[in-house]
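# Descriptive structure summary
Letter by letter, the chains look like this.
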Amino acid sequence: WVKKHRENSTVKKEEKFLSGDEVFVLGKKYNLEIFFSQKKKKAEIINDKIFLYVKNPDDFSEREKAFMDFCKDVLEEKVPEILKCHEEKTGLCVSKLRYRIMKSRWGSCNVKTKEICLNTLLATHPVECLSYVVLHEIIHIEEPSHNARFKSLMTHYMPDWKERKALLNS
């Protein structure tokens, strides 16, 4: 067991976030370009390219972190407008909004504190999917489980939520 797991841990992970890679932001495909920069990590979209500036372009984890920071910035710009719209529709209010990388969820809601956390990778999906997840988490404030009432509320506020969910998970 130890030998097997030791061998697996030494296997080099697939390199990602390299110049020329295709990445998605809000469902649109872009070509990634990596550049050296002494300044704080940042990224920008110009035409059909995302320019990612990092201090060490050879460091996978730095490139990945810079891209995830960019995704968080995209969400911080887009989500408040979506959230406000859904809060007005439902009459429910979120107390706090957070973003983080999640491995198995698109979002979570703390029903007691009315705090919502969204997966940073949602920034790579179309706005319709982002809107679906925001509404899904808001509805949990009123209905914590995924029962018939929850589904009925989702259908009432977003009749095409099942299609959006399927798109998100495809």
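Whatever comes next refers back to the structure up there.
An account of the accompanying structure is given in this report. (Residues numbered from 1 in each chain as written. Predicted model: local features only at pLDDT ≥ 70, side-chain atom pairs only at ≥ 80, totals over all residues. Heavy atoms only, no water.)

## Observations concerning the sheet that holds strand S3 (residues 42-46)
- Pairing is mixed in the open sheet, where four strands are placed in the order S1-S2-S4-S3. The sheet is open, and its two borders are formed by strand S1 (22-25) and S3, each paired with just one other strand. With direction set aside, neighbouring strand axes in the sheet form an average angle of 35 degrees.
- Judged from the six bridges that link them, strand S2 (residues 28-36) and strand S4 (residues 49-54) form a sheet pairing that is parallel. From the neighbouring strand, Glu33 faces S4, where its bridge partner is Phe51.
- Against the sheet, helix H2 (residues 60-90) engages S1, S2, S3 and S4, with an angle of about 125 degrees to S4. (Pairing = 2+ DSSP bridges. Helix = DSSP H or I, 4+ residues; strand = E, 2+ residues; numbered from the N terminus. Axes fitted to C-alpha atoms, helices over the stretch in contact; angles between N-to-C directions. Contact = heavy atoms within 4.5 Å.)

## Here we look at the sheet that holds strand S5 (residues 96-100)
- Reading across the sheet, the three strands line up as S5-S7-S6 and stay open at both edges, with mixed pairing between neighbours. Two strands bound the open sheet, and with one partner strand each, they are S5 and strand S6 (107-110). Ignoring strand direction, the axes of neighbouring strands in this sheet form an average angle of 15 degrees.
- Relative to strand S7 (residues 115-119), S6 runs antiparallel, the two sharing four bridges. Within the sheet, the bridge partner assigned to Gly107 lies in S7 and is Leu118.
- Set on the sheet, H2 makes contact with S5 and S7; between it and S5 the angle comes to about 150 degrees.

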